[in-house]
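The lines below spell out each chain.
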Amino acid sequence: MTDLLIPFEYAYMVKAILVSGLIGGVCAFLSCFITLKGWSLMGDALSHAVVPGVSLAWLVGLPFSVGAFIAGVMAALTMGWLKKKSGLREDAVIGIVFTSWFALGLLLLSLYPSNLNLRTIIFGNILAISDPDILQVLIISGVSILVLVMKWRDLLLYCFDEVHARSLGLNTGFLHLLLLSLLAATAVAALQTVGACLVVAMLVTPGATAYLLTDRFGKMLVIATITGAACGLIGAYISYYINGSTGGCIVVLQTFVFLVALVFAPKHGLLNTRRQRRLAALPQTS
Amino acid sequence: MNWLDPLRYSFMTEALMVSALVGTVCAVFSCYLVLKGWSLMGDAISHAVLPGVVVAYLVGIPLPVGAFAAGLLCATATGWIKASTRIKEDTVMGIVFTGMFAFGLVLFTKVETDAHLSHILFGNILGIERDDLIQTVIAAVVTLGIVLAMRKDLMLFCFDTAHARAIGLNTTMLHYVLLALLSGTIVASMQAVGIILVVAMLVTPGCTARLLTDRFDRMLILATASSVIASCLGVYVSFFVNGATGACIVLAQALLFAAAFLWHQRRRSRFSV
Amino acid sequence: MPSLSIDVANVTVAYPNGHTALRDASFHLHQGVIAALVGINGSGKSTLFKSLMGFVKPVAGTISIAGNTVEQARKLKLVAYVPQSEEVDWTFPVSVWDVVMMGRYGHMNFLRIASAEDKRIVNESLARVGMTDFRDRQIGELSGGQKKRVFLARALAQNGQIILLDEPFTGVDVTTEEAIIALLRSLRDEGRIILVSTHNLGSVPEFCDHVVLVNRTVLAAGPLEEVFTEDNLNRAFGGVLRQFHFEQSTIQDHDGKTVKLVTDDERPLVFGKGGHLEYKDRQGREDLVEKRQKEAGE
């Protein structure tokens, strides 16, 4: 029994667990919008595109999150501009821009090593997170949560029916930028927890899991946030025992929860849809 | 340092040749990928090969075999989940590939130590070993051969799937052929640029060529040319700046794309006047 | 506020890529009409909608909505838009109630928290379109006609005085179509302007009072019976329309000249010999019959 409490005896573990839970929750809240808007590739792209900012921020002595955020937003703006000008498909433009940004980041990191080493940035290393970095994560999460709680209805309308939002006089250009900024900000916050390659999981999986379980957006937000936070907490906790990558554990856990929902969800799960199809095949006897 | 210096080292000439080969395969395939709108699929499969590589290493079979199998698994799982739920395809891909990558990562940190694996992530074209070299060449040549042999069918499939089906092509088969070729391409390039940056090799050359021409045949040639130039340039430059080779290649690709973009803009503004 | 109207004067819309979608278009609609916006694909119907909502700015000409500029009209939430079914993501996790509440967003505070008044209006709007019983359904679970009614309810909740409908009858069966038409008529009778974009010519005479014919410009606009003539339609559609001529029955003469036309969901448009519009039946058109008779007598 006491074995189960061992992780809590280490201050770094407690910090890691709590921070993972927080970031898991914030990312999950945002993931509801990302999955419905169909922005998974964008999430993946921005989480890679923030990397050069980390390196540059270190060179000029800024907090890493500021540099990373700026790099992420710049990448997003470049994508928008390039897409409009070149007429290429959006997914291709995103692919080009984020890989270039990311490659630039890798090159900079290989030329000028910073406080966050390459491994940390790519795979995350929440166990070694420093207190100033925790502070940055807290600030980013706090601001993101505040903005999301205040503006989630507008963002929902924007994701659901952009034309209607515009005809009501909502500033959809602003909402678009807001969603991109939130995406970049949470990608920055999640960078140290799970690493650039896996941030997109935090930004997609909980939302999709919740989407399988409910038809109401309000409930979807609640379910996603709880799943995300719980996976963050438990994943970090488990990683102590199997002594493996924390980010990997969190994401594997999230994927597992998704798969469970995929099979067993009451209405949209595979078991139920199979059953419905079987019933439909039976001769009608009413 | 003399600018011909790099060519005096055999590892450099070898690297230049391998990168040209890999660049060719990726470029040819990128034309199809860009037209089909499968950039995210390229990104997804390239990440999803990681667990395959680790498992192959543990079991002791050639890494490309494991990688190829994992790539196909990712593609089929995505297709299957997409077909049986209402979740958008891009979301499904995001879930599947991150799940597989995370699983690979957990395994990876457990087995650790062997340098091979981190070379898979970031590429190691300058220190490529004889065995890996042979595997890379085989994967590249086979993939390239199949793509070129089937280029008319694949092109029709990417352009107009319904028509392809109507004239009696087996589009389901073509779909999986394309996915298998994608996995093959990724396997061929992972030793050189690493699985994290492969997607750049798979998207950028096709787009660069697309900006320069409206004809598919010319697109293939231009994409290959730009990709080969960028790959060699990247390897060459990385020798002097002593930076990550994979990153240098991708940045060279981006530079060529930017040049093509400027040319495209100038031409367009001239026409619209 | 001056009485409700739409005035479009010499409007030209050109997109940044240089494509001129609409040139020198003018028409006027006064309050209490159902107007059809008729034209082929690419004729500028959606451009016209976009300009009325202020999404594209004309490079020349003016649009005035109840005496306001488009910008002011948008602030007053005068214009409501009912999208085409294909434009909506029906798997989105929102209920009927949520969608109709979205109509109130423009009227709410910064945090978009619904007041008792907002809820009352949403309830009323739902009752008006007869969808109260479905308020907790996810939108994908509705039939084609119910979906349309939900978005109409949203336009009502928005209190839109000008309602733009984009192809409202695609995927809707004939009975529901009639229910929606009845609803549109009652909205018209309250003085609203309803502008329906459609390519389904046959349904136009059944519920529209006015017609705006577009083909890269406004070819003709005005009361139905004046504008909806064979000549005008030929100008708007060119050779696109399929034509059947029934001078008489093709195989027999003994039953007079009656010919019956049966089609599936696309309603046919029928013209008389001189190119004038024929309706489904004479009922309710007595005044027109009288007028024509007089004209013929002169």
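Residues numbered from 1 in each chain as written. Chains lettered and ligands numbered in written order. Predicted model: local features only at pLDDT ≥ 70, side-chain atom pairs only at ≥ 80, totals over all residues. Heavy atoms only, no water.

### Regarding the overall build of chain B
Argument step 1. Secondary structure summary: chain B contains 12 helices and zero strands in total.
Argument step 2. Starting at the N terminus, the α and β elements of chain B follow one another as α-α-α-α-α-α-α-α-α-α-α-α.
Argument step 3. Overall size of chain B, expressed as C-alpha extent along the three principal axes, is 55 × 55 × 30 Å.
Argument step 4. For chain B, with 273 residues in total, the buried portion stands at 57%. (Helix = DSSP H or I, 4+ residues; strand = E, 2+ residues; numbered from the N terminus. Buried < 20%, exposed > 50% of the residue type's maximum accessible area, 1.4 Å probe, protein only.)

### Remarks on the state of the cysteines
A covalent bond bridging the sulfur atoms of two cysteines is what the word disulfide describes.
Argument step 1. Applying the stated criterion to the full structure yields zero disulfides over all chains.
Argument step 2. In this structure Cys32(A) is a free cysteine whose sulfur lies 10 Å from that of Cys159(A), the closest cysteine sulfur available. (Disulfide = S-S within 2.5 Å.)

### Some details on the sheet that holds strand E7 (residues 193–198) of chain C
Adjacent strands of a sheet pair through backbone hydrogen bonds, lying either parallel or antiparallel.
Residues and elements named next belong to chain C.
Argument step 1. Taken in spatial order, the six strands of this open sheet run E5-E6-E7-E3-E8-E9, and their pairing is mixed. Either end of the sheet is taken by a strand with one partner, and the two such strands are strand E5 (79–82) and strand E9 (218–223). Going from strand to strand, the sheet's axes swing by 15° on average, the running direction of each strand aside.
Argument step 2. Taken strand by strand, helix H5 (residues 144–157) contacts E5 and strand E6 (162–166), and its axis lies near 170° from that of E5.
Argument step 3. Across the sheet, helix H6 (residues 174–189) is in contact with strand E3 (33–38), E6 and E7; its angle to E3 comes to roughly 120°. (Pairing = 2+ DSSP bridges. Axes fitted to C-alpha atoms, helices over the stretch in contact; angles between N-to-C directions. Contact = heavy atoms within 4.5 Å.)

### With respect to the nonpolar core
Argument step 1. Ranked by internal contacts, the top residues of the largest apolar core, which has 249 residues, are Phe33(A), Met79(A) and Leu152(C).
Argument step 2. Every residue in contact with Leu152(C), bar those within four places of it in the chain, is listed here: Val82(C), Val129(C), Ile163(C), Leu165(C), Ile180(C), Leu183(C), Leu184(C) and Leu187(C). (Core = buried A, V, L, I, M, F, W, Y, C linked by side-chain atoms within 4.5 Å.)

### Section: the interface of chain A and chain B
Argument step 1. Counting from both sides, the interface comprises 57 residues of chain A and, opposite them, 56 residues of chain B.
Argument step 2. The largest share of the area that chain A buries against chain B comes from Leu88(A), Ile96(A) and Phe123(A), three residues that together contribute 11% of it.
Argument step 3. Applying the counting rule to chain A against chain B returns one salt bridge.
Argument step 4. One salt bridge in this structure joins Arg86(B) and Asp215(A), with 3.0 Å as the shortest N-O distance.
Argument step 5. It is helix H5 (residues 90–111) of chain A that contributes the most residues to the side of chain A that touches chain B, 13 residues altogether. (Buried area = accessible area lost by both parts, 1.4 Å probe. Salt bridge = Lys/Arg side-chain N within 4 Å of Asp/Glu carboxyl O.)

### Description of the UniProt feature "transmembrane region" (unreviewed entry) in chain B
All names here are of chain B.
Argument step 1. Mapped onto this structure's residue numbering, the UniProt feature "transmembrane region" (unreviewed entry) falls at residues 12–35, 55–80, 92–113, 133–150, 162–186, 192–212, 219–237 and 243–263.
Argument step 2. Secondary structure across residues 12–35 divides into 100% helix and 0% strand, with the first and last C-alpha atoms of the span separated by 34 Å.
Argument step 3. Segment residues 133–150 splits into 94% helix and 0% strand. End C-alpha atoms: 26 Å apart. (UniProt positions renumbered as here; feature names shortened; annotations may be inferred.)

### Observations regarding helix H4 (residues 116–128) of chain C
Residues and elements named next belong to chain C.
Argument step 1. Between the first and last C-alpha of H4 there are 18 Å, a value that for 13 residues agrees with the 18 Å anticipated at 1.5 Å per step.
Argument step 2. Within the span of H4, buried status applies to Asp118, Ile121, Val122, Ser125 and Leu126. Projected onto a plane normal to the axis of H4, the buried residues spread over an arc of 135° and lie on a single side.
Argument step 3. Where H4 is buried, its residues touch helix H3 (96–102) and H5.
Argument step 4. One or two residues past the end of H4 sits Gly130, with phi positive at roughly 75°. (Expected span 1.5 Å × (residues − 1). Arc of directions from axis to C-beta.)

### Some words on the UniProt feature "transmembrane region" (unreviewed entry) in chain A
Residue and element names in this part refer to chain A.
Argument step 1. Under the UniProt annotation, "transmembrane region" (unreviewed entry) lies at residues 12–36, 56–80, 92–114, 134–156, 168–187, 193–213, 220–239 and 245–265.
Argument step 2. End C-alpha atoms of residues 12–36 are separated by 36 Å, and the span's content is 100% helix alongside 0% strand.
Argument step 3. Annotation note: span residues 92–114, helix share 87%, strand share 0%, distance between end C-alpha atoms 31 Å.

### Focus: the packing of helix H1 (residues 11–37) of chain A against helix H7 (residues 131–160) of chain A
Geometrically, a packed helix pair is captured by the angle between its two axes and the distance between the axes.
All names here are of chain A.
Argument step 1. The geometry of H1 relative to H7 is characterised by a closest axis approach of 10 Å and an angle of 25° between their N-to-C directions. By the angle between their directions, the pair H1 and H7 is classed as roughly parallel. Remark: the crossing between H1 and H7 carries left-handed chirality.
Argument step 2. Along the lines of polarity and charge, the residues of the contact of H1 with H7 split into 17 nonpolar, two polar and three charged. (Parallel < 35°, antiparallel > 145°, perpendicular 65-115°, else oblique. Left-handed = near helix turned anticlockwise from the far one by under 90°. Nonpolar A, V, L, I, M, F, W, Y, C, P; charged D, E, K, R; others polar.)

### A closer look at the pairing of strand E2 (residues 20–30) of chain C
On a regular strand, each side chain points to the face opposite its neighbour's, so the side chains alternate between the two faces of the sheet.
All names here are of chain C.
Argument step 1. In the sheet, strand E1 (residues 5–14) pairs with E2 via seven bridges, with the strands oriented antiparallel. Of the residues in E2, the one forming a bridge with Val11 is Ala25.
Argument step 2. What sits between the antiparallel neighbours E1 and E2 is a turn of five residues, in which Gly18 has the positive phi angle 95°.

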